[in-house]
Every structure is written in structure tokens, then in C-alpha cells.
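Results of the structural survey
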Amino acid sequence: GAGVSQSPRYKVAKRGQDVALRCDPISGHVSLFWYQQALGQGPEFLTYFQNEAQLDKSGLPSDRFFAERPEGSVSTLKIQRTQQEDSAVYLCASSLALSGANVLTFGAGSRLTVL
Amino acid sequence: DAKTTQPTSMDCAEGRAANLPCNHSTISGNEYVYWYRQIHSQGPQYIIHGLKNNETNEMASLIITEDRKSSTLILPHATLRDTAVYYCIVRVANYGQNFVFGPGTRLSVLP
């Protein structure tokens, strides 16, 4: 597609439920990032993929958060046993793996509300 | 990545130039300066980036001081649609290196 597509745009979950958020990056983009953005804050890094390999997951806040990109294109961020503090917008971004300065293209995000 | 400092908020009159400053006094020689903006309920949008030289594109101009310790993003003729949070980020030129966002500057373009 022309841009990074994320679904669902909005998700309401009861505390304790599992959720899955999907990201379709720009075709051919090797790098894929997930960010978490709390209300009124800047995006915070969660994890990074190069193709199907998860090279950095240092930003995942707990072992309830899990991300995968099994075929090197679509990625899923899964949150198990959701808590109220997980309420945030989850942003996905992709980029070409070119040497030198590269640019991230972001999706519109998935807004998760945990009740 | 080097830390950046930006004003919390700024106002600009519609049709005038908006000049958004950013301090990055600990920037390294191999770190680029990037600017993104985020309009309400959207993902961050790339604006411009540079290393040493001033840069201009269809959206904005980026002025980097000679010592590279600060920069200014210039929107030459601000419109109401430019109201957004603007993020200044410094980052090494490595495709695996993530972008570290600060709180940014909230620009309000006033009619």
C-alpha cells in the first residue's frame, strides 16, 4: 500500500483480556518499529525488527508484551492480560534499510483503552 | 543518542514564519538532526533532516548552526493546518537505531 496501515484503529478491552494489534508496513520496507504513546507524551520505543528478526526488544515494558513479524512483512503486537496502564496509542513505523540517514514512515496508530 | 531541548509551546500568526528552535549541545559528528510533527490523532509525520548543511524541501527549511549544537526548523508561511507537536530528534545514521522522541514543541497557529 501507499502507507503504513494499522488495525484496529480503536480497541477497548476489559482488564485481563488479551489484545492483538496489527501493522502492515510499506511494501519492501525492511525495518519495522513499534512505539507506545501515552496521552500528552512523545512516542516511546518498544521494539525493532529487521525483516523477520527482532533485533531489539529493550523497550517492551513487561513480559506481557510480545511482538512478531514471522514473514518479514506484517507485524503483530500482542498484549496479554491487559492492565489499565497499557492504555495508550500504539504506533508502527517502517523504513527502507538504506545506509546513511533513513526516514521512518508512521501509521495512524491503534488506540487501546483498558477498562 | 544526544538529548534535545525544545520549548514546550509556541504561538505563531497565520501567514507568518514559524521558527522552532532545538538545542542539541552534545550531538556527535555522525548524528543527523531530524524533525517530525504530529497532528492530533495521527502518527508522526516526517518533515526534514540534515547533518551539517542547511536543508530545504517543500515543507520547511532546516538551519543548523556551524558548531551543530542547535538548529531551527522554519515553516515559511504557517497555516492553521500546521498546528501540531513538533519533535526534534538527533540520531546516528544506522537503520537499526531507533528514534528517541522527547516531549516536543506544541505549535499553535493562530488566525
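First, a word on scope: everything that follows refers to the structure included in this document.

Calculation rules
- Residues numbered from 1 in each chain as written.
- Chains lettered and ligands numbered in written order.
- Predicted model: local features only at pLDDT ≥ 70, side-chain atom pairs only at ≥ 80, totals over all residues.
- Heavy atoms only, no water.
- Helix = DSSP H or I, 4+ residues; strand = E, 2+ residues; numbered from the N terminus.
- Rg over C-alpha atoms; globule rule 2.2 N^0.38 Å.
- Contact = heavy atoms within 4.5 Å.
- Areas by Shrake-Rupley, 256 points an atom, 1.4 Å probe, with all protein chains shown as cover.
- Lys, Arg positive; Asp, Glu negative; His and termini not counted.
- Charge placed at Lys NZ, Arg CZ, Asp CG, Glu CD.
- Core = buried A, V, L, I, M, F, W, Y, C linked by side-chain atoms within 4.5 Å.
- Buried < 20%, exposed > 50% of the residue type's maximum accessible area, 1.4 Å probe, protein only.
- Phe/Tyr/Trp six-rings, centres within 6.5 Å; stacked < 30°, edge-to-face > 60°.
- Buried area = accessible area lost by both parts, 1.4 Å probe.
- Salt bridge = Lys/Arg side-chain N within 4 Å of Asp/Glu carboxyl O.
- Polar contact = N/O pair within 3.5 Å; in protein donor to acceptor, adjacent residues only side chain to side chain.
- Pairing = 2+ DSSP bridges.

1. Examining the overall build of chain B
The secondary structure content of chain B amounts to zero helices and nine strands. Reading chain B from its N end, one meets helices and strands in the order β-β-β-β-β-β-β-β-β. Against the compact-globule benchmark of 13 Å for 111 residues, chain B has a radius of gyration of 13 Å, which places it among compact chains. Considering only contacts within chain B whose residues lie at least 6 apart along the sequence, 57% involve residues at least 24 apart. Of the roughly 5600 Å² of accessible surface on chain B, a fraction of 48% belongs to carbon and sulfur atoms. A gap of 3 Å separates the mean positions of the 9 positive and 9 negative side-chain charges of chain B.

2. Notes on the nonpolar core
Counting 21 residues, the largest nonpolar core has Trp35(B), Leu73(B), Tyr86(B) and Leu107(B) as the members making the most contacts within it. Listed by contribution, the elements that provide at least two residues to this core are β2 (18-23), β3 (31-38), β4 (45-50), β6 (61-64), β7 (70-75), β8 (84-92) and β9 (105-110) of chain B. Per-element tally for this core: the top contributor is β8(B), with four residues. In this view, Leu107(B) contacts Met10(B), Asp11(B), Cys12(B), Ala18(B), Leu20(B), Leu75(B), Asp82(B), Thr83(B), Ala84(B) and Tyr86(B); residues no more than four positions away in its chain are not counted. By size, the runner-up hydrophobic cluster in this structure holds 20 residues, among which are Leu21(A), Phe49(A), Ala67(A) and Val114(A).

3. Here we look at the packing of aromatic side chains
For any two aromatic rings, the description comes down to two numbers: the centre-to-centre distance and the angle of the planes. For the structure on display, the rule yields 15 aromatic pairs over all chains. Through a chain of ring-to-ring contacts, the aromatic side chains of Phe33(A), Tyr35(A), Phe45(A), Tyr48(A), Phe106(A), Tyr32(B), Tyr34(B), Tyr36(B), Tyr46(B), Tyr87(B), Phe99(B) and Phe101(B) assemble into a single cluster.

4. A word on the interface of chain B and chain A
Facing 21 residues of chain B, the contacting portion of chain A comprises 22 residues. When the two sides are added together, the surface that chain B and chain A hide from each other amounts to roughly 1700 Å², 57% of it contributed by carbon and sulfur. Remark: the boundary between chain B and chain A carries zero salt bridges. Between the two partners, chain B and chain A, sit four residue pairs in polar contact (both at pLDDT 80 or more).

5. Description of the pairing of β4(B)
Residues and elements named next belong to chain B. In this sheet, β4 lies alongside β3 in antiparallel orientation, the contact comprising five bridges. Paired with tyrosine 36 across the bridge in β4 is tyrosine 46. With antiparallel pairing between neighbouring strands as the criterion, β3 and β4 make up a hairpin whose turn holds six residues, including serine 41 at a positive phi of roughly 70 degrees.

6. Examining the pattern of salt bridges
Between side chains of opposite charge, pairing is possible as soon as their charged atoms come close. Residue and element names in this part refer to chain A. On inspection of all chains with the given rule, the structure shows four salt bridges over all chains. Across the pair glutamate 68 and lysine 78 runs a salt bridge whose closest N-O atoms are separated by 3.4 Å. Of this pair, glutamate 68 sits in strand β7 (residues 65-68) while lysine 78 sits in strand β8 (residues 75-79), placing them 10 residues apart in sequence. Residue glutamate 68 is classed as partly exposed on the basis of its relative accessible area, which comes to 27%. Here lysine 78 falls in the partly exposed class, since its relative accessible area comes to 32%.

7. With respect to the environment of Asp18(A)
All names here are of chain A. Following the sequence through the fold, aspartate 18 ends up in the loop between β2 (10-13) and β3 (19-24). A residue is classified by how much of its surface remains accessible, and aspartate 18, at 53% relative accessible area, is exposed. In this structure, the C-alpha to C-alpha distance between aspartate 18 and lysine 57, residues 39 residues apart in sequence, is 19 Å. With residues near it in sequence (within four places) discarded, aspartate 18 still touches Ile79, Gln80 and Arg81. At 2.8 Å, the side chain of aspartate 18 forms a polar contact with the backbone nitrogen of arginine 81.

Nothing here speaks to function; it is all geometry.
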